Amino acid sequence: MANSFRNQQQGLQAVLSAARVISQMFSQTIGPYRFGTIVHNVQKPQITLDSQRMLKDVLSSDVFENMGMKLIRDAALQTRNRCGDGAKTTALLIEALLEEGLAGIQRGVDPQEFRKGMLLAEKKIQKIFYKEAFSITDLEHLVCVSNVARRFNADIASVLSSAVRYGGGNGYYILEEKEGESSHWFAEEHSVWDFGYASPYFITHAETGTVEYSQVYILVSESPLHSSDQAFLAFLEAVVQAGKTPLVILAEAFDRDLLATLEINQIEGGFPVCAVRVGGKHARESLEDMAVLTGASLLSEASFGEISAERITNHLGFVEGICISSTSLCIPREVANKKRLAAHCSLLQDKLEHLHGEESRAWLRKRLARLSSGEVRICIAEESVNQEELAYMTSSVKAMTELLRSGCLPGGGCSLIRAARGVPVPLSLSNGERAGFLAVLHAVERPFRAVVARSGKPVDEVFSQVFSNADWRIGFNGLTGSVEDIVAQGICDGLSCIQHALHHAVGTVGLLLISALFFASQEETFKEEESYEE
């Protein structure tokens with residue numbers, strides 16, 4: 001296996017070459033023009049509008065250019081995966097910043113100072129974004145955003161927009177194809193959990209195979225329950241004597257003897273009870289959410305012996321009705337202690353703000369949906385879309401939820417330029433820091449110029465028309481080729497989308513510029529090609 005090395009300028013030049021390839025590709029497809037790309041790898045050629053697919057299939061024979069393509073791909077898709085949009089903006093910003101950075105290094109600028117200047121400029125621009133962001137709740141605007149962002153027909157855009165308006169920025173959405181049906185959406189009326197009864201002996205309705213009770217008390221334990229735990233057995237006896245039945249017991253585990261005792265009680269017609277095993281890696285969090293939703297205390301093994309008989313009711317939850325199958329538990333979303341629920345949801349929302357992993361964020365959104373508006377299912381008529389369009393819809397829903405959650409800004413690259421124009425260059429900067437600062441202020445023009453250039457309009461003329469007007473809502477509408485109020489036309493980007501695009505671009509380029517050595521294996525290119533052939 002042969003290894004190759006390149007110094008700083010040689011390595012950066014290779015990465016810049018990769019950035020130019022990606023930028024040229026995206027410059028041809030950016031904007032609302034619905035221009036596609038024909039991709040031919042090993043299988044038959046396909047036409048795609050998906051930036052993720054385009055990034056996946058672009059490769060170079062040069063190992064260092066290929067390294068650059070992977071770095072740019074990761075940065076662009078981080079924005080796309082988080083916000084549902086912004087991959088092309090991120091890639092174009094990276095190319096512009098790399099050009100400025102490499103030119104600065106060739107002039108003798110200190111890369112560390114250049115990076116420091118870039119980070120400072122980004123920070124100041126982000127502050128202006130927060131200041132200028134506004135909320136959008138009007139359904140017609142959301143329809144426009146959906147239609148422009150993913151170029152759907154108006155009917156599908158309306159379905160997606162109304163679903164997102166109902167579920168809100170923290171909603172949990174499930175897109176699925178339905179054969180022979182028109183596209184529509186619905187929300188789960190009740191809170192549904194993926195946990196069923198621990199034994200079929202608890203079934204009350206044999207025809208449906210379910211456990212159904214009205215006026216139900218809920219016991220929630222964060223500790224596994226054992227028949228040898230005398231404190232728990234005494235607590236259970238006190239619950240029955242107090243008449244707090246039917247009783248549903250939620251716990252992560254039940255030992256065999258305890259479960260057998262509860263089964264015999266049910267068979268012999270004792271007090272109505274059902275044991276539900278709450279398992280999985282999120283068991284503790286699910287138990288906590290169910291306790292909040294039902295008004296129960298989250299009890300532990302130690303707490304059973306500390307609760308007096310007079311205070312048992314204070315630690316049990318209560319719901320008007322419950323339905324439990326072998327795989328699911330369904331309870332009404334009617335909460336007595338709304339203050340506790342609001343505080344719990346607020347805590348989850350704060351966590352959501354600081355999480356970056358998409359899987360963790362999706363789980364938090366699902367928890368919030370169960371506690372508030374419910375999971376929203378969007379059913380798309382199978383004959384109206386293909387798999388790639390379904391992926392577009394998923395991204396569109398994500399883009400709209402981010403827009404509702406974080407606020408929005410005028411789209412089309414206009415907000416980047418207007419924010420940069422509102423940032424004064426600090427006088428205290430060193431020459432290197434000033435170069436990095438100005439690089440960001442110049443680079444943010446690249447996405448807007450690419451959109452205008454693709455429309456066939458004279459770029460400098462349109463640029464002058466748009467930015468001679470101080471109104472943030474004025475921009476370039478690529479669909480009509482006119483300078484107008486683009487917010488009224490639904491040309492908006494989520495605040496978080498623009499923020500992440502700029503942040504990932506500056507962060508990626510900053511780390512590249514301070515890299516003194518580029519090292520790669522010559523086999524890397526061949527491995528990459530083989531992986532796509534598979």
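Data block above holds the structure.
In this text the structure is predicted, and so the values were computed from the model without any measurement. (Residues numbered from 1 in each chain as written. Predicted model: local features only at pLDDT ≥ 70, side-chain atom pairs only at ≥ 80, totals over all residues. Heavy atoms only, no water.)

With that settled, the discussion passes to the pattern of salt bridges. Pairing between side chains becomes possible if they bear opposite charge and their charged atoms approach one another. Inspection of the entire model under this criterion finds 19 salt bridges. Arg6 serves as the salt-bridge partner of Asp62, at 2.9 Å between the closest nitrogen and oxygen. Of the two residues, Asp62 sits in the loop between α2 (51-57) and α3 (63-83) while Arg6 sits in strand β1 (residues 3-7), which places them 56 residues apart along the sequence. What makes Arg6 partly exposed here is its relative accessible area of 24%. A salt bridge links Arg377 to Glu176; the nearest nitrogen and oxygen atoms lie 3.4 Å apart. With Arg377 in strand β13 (residues 376-381) and Glu176 in strand β4 (residues 173-178), this residue pair connects regions lying 201 residues apart in the sequence. Residues participating in the shared-partner salt-bridge network are Glu222, Arg284, Glu285, Glu288, Asp289 and Arg367. (Salt bridge = Lys/Arg side-chain N within 4 Å of Asp/Glu carboxyl O. Helix = DSSP H or I, 4+ residues; strand = E, 2+ residues; numbered from the N terminus. Buried < 20%, exposed > 50% of the residue type's maximum accessible area, 1.4 Å probe, protein only.)

Contact pair helix α10 (residues 283-294) / helix α13 (residues 358-371): the axes reach a minimum separation of 10 Å and the direction vectors enclose 20°. Regarding the angle of α10 to α13, the classification is roughly parallel. Remark: the crossing between α10 and α13 carries right-handed chirality. Each of Glu285, Ser286, Glu288, Asp289 and Leu293 in α10 lies in contact with α13, whose residues at this interface are Trp363, Arg367, Arg370 and Leu371. Residue classes in the contact of α10 with α13 are distributed as three nonpolar, one polar and five charged. (Axes fitted to C-alpha atoms, helices over the stretch in contact; angles between N-to-C directions. Parallel < 35°, antiparallel > 145°, perpendicular 65-115°, else oblique. Left-handed = near helix turned anticlockwise from the far one by under 90°. Contact = heavy atoms within 4.5 Å. Nonpolar A, V, L, I, M, F, W, Y, C, P; charged D, E, K, R; others polar.)

Below, the discussion takes up the environment of Ala198. As for its placement among the helices and strands, Ala198 is situated in the loop between β6 (190-193) and β7 (211-221). Residue classification places Ala198 among the buried residues on the basis of a relative accessible area of 17%. Along the chain, Ala198 and Ser326 lie 128 residues apart, while their C-alpha atoms are 7.8 Å from each other.

With that settled, consider the sheet that holds β4. Across the sheet, three strands lie side by side as β4-β13-β5; this open sheet has mixed pairing. Every interior strand has two partners, whereas the edge strands, β4 and β5 (184-187), have only one. Pairs of neighbouring strands in the sheet enclose a mean axial angle of 20°, with direction left out of account. Pairing analysis gives four bridges linking β5 to β13, with the strands arranged antiparallel. Bridge assignment links Trp185 to a residue of β13, and that residue is Ile378. (Pairing = 2+ DSSP bridges.)

Estimates place the volume of the largest pocket at around 500 Å³. For the largest pocket, the lining is made up of 17 residues, of which Arg82, Tyr130, His356, Gln499 and His500 are closest to its centre. Within the residue set of the lining of the largest pocket, elements represented by two or more residues are α3, α5 (111-132), α14 (387-406) and α19 (495-513). If you tally residues by element for the lining of the largest pocket, the top one is α19, at six residues. Considering only residue class, the lining of the largest pocket consists of two nonpolar, ten polar and five charged. Considering only enclosed or pocket space, the second largest pocket measures out at about 280 Å³ in volume. Lining the second largest pocket are 13 residues, with Tyr173, Glu358, Arg365, Thr394 and Lys398 sitting closest to its centre. (1 Å grid on protein atoms, 1.4 Å probe; cavity = no way out; pocket = protein on both sides within 12 Å on 5 of 7 lines; lining within 4 Å. Points joined across faces, edges and corners; volume = space filled by probe spheres on them.)

Counting 58 residues, the largest nonpolar core has Ile249, Leu250 and Ile322 as the members making the most contacts within it. Among the elements that take part in this core, β7 stands out by supplying seven residues, more than any other. Contact partners of Ile322, with chain neighbours within four places excluded, come to Val211, Glu212, Tyr213, Val216, Ile218, Val248, Leu329, Cys330 and Ile331. Among the nonpolar cores identified, the runner-up in size contains 55 residues, and Val423, Val444, Val506 and Leu513 belong to it. (Core = buried A, V, L, I, M, F, W, Y, C linked by side-chain atoms within 4.5 Å.)

Inspection of the secondary structure puts Asp255 in the loop between β8 (247-251) and α9 (256-267). An unpaired buried charge is present at Asp255: no salt bridge exists, and Arg256, the closest side chain of opposite charge, is 8.5 Å distant. (Lys, Arg positive; Asp, Glu negative; His and termini not counted.)

What follows concerns a nonpolar patch on the surface. Residues Phe5, Leu517 and Phe519 make up a contiguous nonpolar surface patch of roughly 340 Å² in combined accessible area. Looking at the secondary structure, you find Leu517 in strand β18 (residues 517-521). (Patch = residues over 30% accessible without salt bridge, like charges linked within 9 Å, V, L, I, M, F, W, Y side chains within 5 Å. Areas by Shrake-Rupley, 256 points an atom, 1.4 Å probe, with all protein chains shown as cover.)

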